[in-house]
Amino acid sequence: MKNIATLAVIGLFILLCAALPQDANAQFSISQPRNSFSQTSNSNQQNKANITFKNSSDYTMTIRVLYLAGGLYSVVELPAHSSRTLYFNSSNTFKMKILASKGNEKSYHDGGELSVTCNSFQWTEGEITFQLSSYGDGLGPCISAQDFWSND
């Protein structure tokens, strides 16, 4: 009788395990900022905020990401129809400056502000897509080349 009860418990355990999703991460759909409590536990995992910049145009894009208070954080070069991911280790607010170029044509733009959250419990994960239907249209207000290259 004891063996039958043991086999019944083992059988129930196998049935329950088979009913669980094979890829536990696939069931989470989390918008930014992401919550670390929804993550699979992994002591080696380091939470980093990230933004993927996608260029869906025929233009080459140069994105200058600057601290809102001034100073360059990073430059993201995006050839036509490409993407790059930029990682952040701490929370901050940034501003973007955009250069769209194709051949000898150049267009400079204020890309607006970007707020990033990055701490032990939440981190930003996002995507920004650049798409042009005509030269320079849709990237934000025009700025001078001098303003684009400044770190202010």
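Residues numbered from 1 in each chain as written. Predicted model: local features only at pLDDT ≥ 70, side-chain atom pairs only at ≥ 80, totals over all residues. Heavy atoms only, no water.

### A closer look at the environment of Lys54
Position of Lys54 among the secondary structure elements: in strand β2 (residues 49-55). Overall, Lys54 belongs to the partly exposed group, its relative accessible area being 32%. C-alpha of Lys54 to C-alpha of His81: the two residues are 27 residues apart in sequence and 7.4 Å apart in space. Residues within four places of Lys54 in sequence aside, it is in contact with Leu78, Ser82, Ser83, Glu127, Ile128, Thr129 and Phe130. (Helix = DSSP H or I, 4+ residues; strand = E, 2+ residues; numbered from the N terminus. Buried < 20%, exposed > 50% of the residue type's maximum accessible area, 1.4 Å probe, protein only. Contact = heavy atoms within 4.5 Å.)

### Let's talk about the sheet that holds strand β6 (residues 92-102)
Note on sheets: strands pair through backbone hydrogen bonds, and any given pair is parallel or antiparallel. In spatial order, the strands read β4-β3-β6-β7; together these four strands make up an open sheet with antiparallel pairing. Each edge of the open sheet is held by one strand with a lone partner, namely β4 (72-78) and β7 (105-116). Pairwise comparison of adjacent strand axes, ignoring direction, gives a mean angle of 15 degrees for this sheet. By the bridge criterion, six bridges tie strand β3 (residues 60-67) to β4 in an arrangement that is antiparallel. Each bridged residue has a counterpart across the sheet, and for Val65 the counterpart in β4 is Ser74. (Pairing = 2+ DSSP bridges. Axes fitted to C-alpha atoms, helices over the stretch in contact; angles between N-to-C directions.)

### Digging into the sheet that holds strand β5 (residues 82-88)
The mixed open sheet is built from three strands, whose spatial order is β5-β2-β9. The sheet is open, and its two borders are formed by β5 and β9 (125-130), each paired with just one other strand. If you compare each strand with its neighbour and ignore which way they point, the axes differ by 20 degrees on average. As defined by bridge partners, β2 adjoins β5 across seven bridges and the pair is classed as antiparallel. Its bridge partner being in β5, Phe53 is matched across the sheet by Arg84.

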